[in-house]
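# Structural overview
One letter stands for each residue in the lines below.
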Amino acid sequence: MDKSLGEMQREVDAYISQFKEGYFSPLSMMARMSEEVGELAREVNHKFGEKPKKADEEVNSIELELGDILFITICFANSLGIDLTEAHNKVMHKFNTRDAGRWTLKDTD
C-alpha cells in the first residue's frame, strides 16, 4: 500500500503519542539521525566497498537503514511541526528553478 508523506507523518505521530516520553529533543534526534546515517554508510560499504562483513556481524540491509532514517526524519519533522510534503515541494521547486540547466537531459525519443 502506497502512503503519502502526510499519512506517514500521522502514523508515526500516532505511534509516538502513545508513550509518555513523546518525541526526543531536537538535539537527541539529530544525534540519532547521525547514528542512523552512519549505519547506512556501513551497509553501503559492506555491499559496494572493500569491507566485507565479519561472520559474527548482524544481518542488516540498506533498505532497513533507509527506513530508520525515514522514521527519524519524520519524528524530527513532527516534533518541529514541519509538513514534509510542503518541505518536499519547496525543495523540488528549488531544484527545478536553481538547477534547471545544470544537468544534461536524456533524449525523449
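One can find the structure itself at the top, above this paragraph.
Residues numbered from 1 in each chain as written. Predicted model: local features only at pLDDT ≥ 70, side-chain atom pairs only at ≥ 80, totals over all residues. Heavy atoms only, no water.

With that out of the way, let us pick up the nonpolar core. One finds Met8, Val12, Ile16, Met29, Met33, Ile72, Ile74, Cys75, Phe76, Ala77 and Leu84 forming the largest nonpolar core, which totals eleven residues. Secondary structure elements with two or more residues in this core: helix H1 (5-17), helix H2 (26-48) and helix H3 (62-79). When residues of this core are assigned to their parent elements, the largest contribution, five residues, is made by H3. Aside from chain neighbours lying at most four places away, what touches Leu84 is Leu5, Gln9, Thr73, Ile74 and Ala77. (Core = buried A, V, L, I, M, F, W, Y, C linked by side-chain atoms within 4.5 Å. Buried < 20%, exposed > 50% of the residue type's maximum accessible area, 1.4 Å probe, protein only. Helix = DSSP H or I, 4+ residues; strand = E, 2+ residues; numbered from the N terminus. Contact = heavy atoms within 4.5 Å.)

Here Ala100 shows up in the segment after helix H4 (84-98). We classify Ala100 as exposed; its relative accessible area is 55%. Along the backbone, Ala100 and Asp68 are 32 residues apart, and their C-alpha atoms lie at a distance of 31 Å.

Counting across every chain of the model gives two aromatic pairs. Plain terms: the ring middles of Tyr15 and Phe19 are 5.2 Å apart, the flat faces sit at 75 degrees to each other, and that makes the pair edge-to-face. Plain terms: the ring middles of Tyr15 and Phe71 are 6.3 Å apart, the flat faces sit at 70 degrees to each other, and that makes the pair edge-to-face. Of this pair, Tyr15 sits in helix H1 while Phe71 is found in helix H3, placing the two residues 56 residues apart along the sequence. For Phe71, a relative accessible area of 26% gives the class partly exposed. One aromatic cluster is present, built from ring pairs that chain together Tyr15, Phe19 and Phe71. (Phe/Tyr/Trp six-rings, centres within 6.5 Å; stacked < 30°, edge-to-face > 60°.)

Nothing here speaks to function; it is all geometry.
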